[in-house]
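Structural characterization, general
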Amino acid sequence: MNTIAFIGLGNMGGPMAENLLAEGFEVQVFDLNKEATAKLVPLGAVVAPTLEDVVQGADTVISMLPAGINVRSVYLGDHHGGLGILNLVDRKTLLIDSSTIDPESARLVANEATNRGLQFVDAPVSGGVAGAKAATLTFIVGGTDTAFNKAKSVLQHVGRNIFHAGNAGDGQMAKICNNLMLGILMSGTCEALNLGIENGLDPKVLSDIMLQSSGRNWALELYNPCPGVMESSPASNEYHPGFMSKLMLKDLGLGMDAAVHSQSSVPMGSLARNLYAMHNANGNENLDFSSLFEFYQRKS
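The paragraphs below set out a description of the structure included in this document.

Reading the values: the criteria
Residues numbered from 1 in each chain as written. Predicted model: local features only at pLDDT ≥ 70, side-chain atom pairs only at ≥ 80, totals over all residues. Heavy atoms only, no water. Axes fitted to C-alpha atoms, helices over the stretch in contact; angles between N-to-C directions. Helix = DSSP H or I, 4+ residues; strand = E, 2+ residues; numbered from the N terminus. Left-handed = near helix turned anticlockwise from the far one by under 90°. Contact = heavy atoms within 4.5 Å. Nonpolar A, V, L, I, M, F, W, Y, C, P; charged D, E, K, R; others polar. 1 Å grid on protein atoms, 1.4 Å probe; cavity = no way out; pocket = protein on both sides within 12 Å on 5 of 7 lines; lining within 4 Å. Points joined across faces, edges and corners; volume = space filled by probe spheres on them. Buried < 20%, exposed > 50% of the residue type's maximum accessible area, 1.4 Å probe, protein only. Pairing = 2+ DSSP bridges. Right-handed = clockwise from strand over helix to strand, strands pointing away. Expected span 1.5 Å × (residues − 1). Arc of directions from axis to C-beta. Polar contact = N/O pair within 3.5 Å; in protein donor to acceptor, adjacent residues only side chain to side chain. Salt bridge = Lys/Arg side-chain N within 4 Å of Asp/Glu carboxyl O.

A closer look at the packing of helix 8 (residues 170-198) against helix 11 (residues 245-262)
Interhelical geometry of helix 8 versus helix 11 gives an angle of 115° and a closest axis separation of 9 Å. The handedness of the crossing between helix 8 and helix 11 comes out as left-handed. Residue-level contacts link Met173, Lys175, Ile176, Asn179, Leu180, Leu182 and Gly183 of helix 8 to Met248, Asp251, Leu252, Leu254, Gly255, Met256 and Ala258 of helix 11. In terms of residue class, the contact of helix 8 with helix 11 is built from nine nonpolar, three polar and two charged.

See the structure below:
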């Protein structure tokens, strides 16, 4: 089995690393949060104190980081003398970044990796914490055919669907488009359900009607935002994430940036982004993104 260096053990990275350990991989982990790394020790993970240590002897590096600035720093180095991963690994090491970041940062890292004879893919994920825990994530990969095929052989152990979106950065662009649509979809679902409730309809009955009608969508099927309608959804568990509202706002912001770059018209995405900005400003940034339902119910 390959040795994997896993960097970034948050809500998504932690479960992914657990699944790799369960599949028999040797996993070396690094995170600034020492509690996150300590949780994996009983499962067989080797905790590394530094970036330099975590990549030693690794055949594959997987990173799951908050933003583009973190990815650039980890792979390219920082301005304080810290060496980036590209300067620390040999040419046989496969590099997989599963963060959700701007496509330009992914392309920058990919270009620098290519210049050093390294293979790098951007492979953002869809599926949330539940998907990470169940190893049913969808990976949206950007990179060369060769790098994609090598990455797939690893990612298939933590995901169910692995798509090759295109060249470097295209994985990020496809993920941004998906989450732009998801933000719009969730906003509309919350709005429609609340309209029905305020006009005397039972939200469970209304959800069932829409599920069998033209309004059917992913949120109604798997992630109903109204408390009490779907027992397994975050809404019925005090909006415990899931996928935090602040992360949806970040991803919608990436969509707005991409739209500016391509001069694309995204009026509904812009409205969804503003709704989540207001919702987060009211102290809901760490709740699941389906908690936007409460934004519509404030007057009640």
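Side note on the layout of surface pockets
Reported here for the second largest pocket is a volume of approximately 160 Å³. Every residue lining the second largest pocket is listed: Ala110, Asn111, Thr114, Gly117, Leu118, Gln119, Phe120, Gly143, Thr144, Ala147 and Ala168. Of all the elements in the fold, those that place two or more residues in the lining of the second largest pocket are helix 5 (103-115) and strand 6 (119-122). Per-element tally for the lining of the second largest pocket: the top contributor is helix 5, with three residues. Tallied by class, residues from the lining of the second largest pocket come to five nonpolar, six polar and no charged.

Regarding the pairing of strand 5 (residues 94-97)
Residues of strand 5 alternate between two faces, with Leu94 and Ile96 on one and Leu95 and Asp97 on the opposite face, all of them buried. Note that strand 4 (residues 60-63) and strand 5 share four bridges and pair parallel. Bridging across to strand 5, Ser63 finds its partner in Asp97. Of the crossover connections in this fold, the one passing from strand 5 over helix 5 to the parallel strand 6 is right-handed.

Remarks on helix 11
Spanning 18 residues, helix 11 covers 26 Å between terminal C-alpha atoms, matching the ideal 26 Å at 1.5 Å per step. Taken as a whole, helix 11 has its buried residues at Ser245, Met248, Leu249, Asp251, Leu252, Gly253, Leu254, Gly255, Met256, Ala258 and Ala259. Close packing links the buried residues of helix 11 with helix 8 and helix 12 (267-284). Just downstream of helix 11, Gln263 is the residue with a positive phi angle, here 55°.

Looking at helix 7 (residues 145-155)
Considered for burial, the residues of helix 7 that qualify are Ala147, Phe148, Ala151, Val154 and Leu155. The buried residues of helix 7 all sit within an arc of 120° when viewed along its axis, so they share a single face.

As for unusual backbone geometry
The peptide bond linking Pro241 to Gly242 adopts the cis configuration, its omega dihedral lying at 10°. Mapped onto the elements of the fold, Gly242 is located in the loop between helix 10 (218-222) and helix 11. Of note in this structure, Ala135 is not a glycine but carries a positive phi near 60°. Here Ala135 is to be found in the loop between helix 6 (128-134) and strand 8 (137-142).

Observations concerning the side chain of His279
Relative to the helices and strands, His279 is located in helix 12. Residue His279 is classed as buried on the basis of its relative accessible area of 1%. A distance of 2.8 Å separates a polar atom in the side chain of His279 from a polar atom in the side chain of Ser291.

A look at the pattern of salt bridges
Here the idea is simple: oppositely charged side chains can pair when their charged atoms come close. Within this structure, the stated rule accounts for five salt bridges. Asp170 is the salt-bridge partner of Arg107, the closest N and O atoms lying 3.4 Å from each other. With Arg107 in helix 5 and Asp170 in helix 8, the pair connects residues that are 63 residues apart, well separated along the chain. On the basis of relative accessible area, Arg107 is assigned to the partly exposed category, the value being 32%. Classification of Asp170 by relative accessible area gives partly exposed; the value is 23%. As a salt-bridge pair, Lys250 and Asp251 come within 4.0 Å of each other at their nearest N and O atoms. Look at Asp251 and you get buried, because its relative accessible area is 3%.

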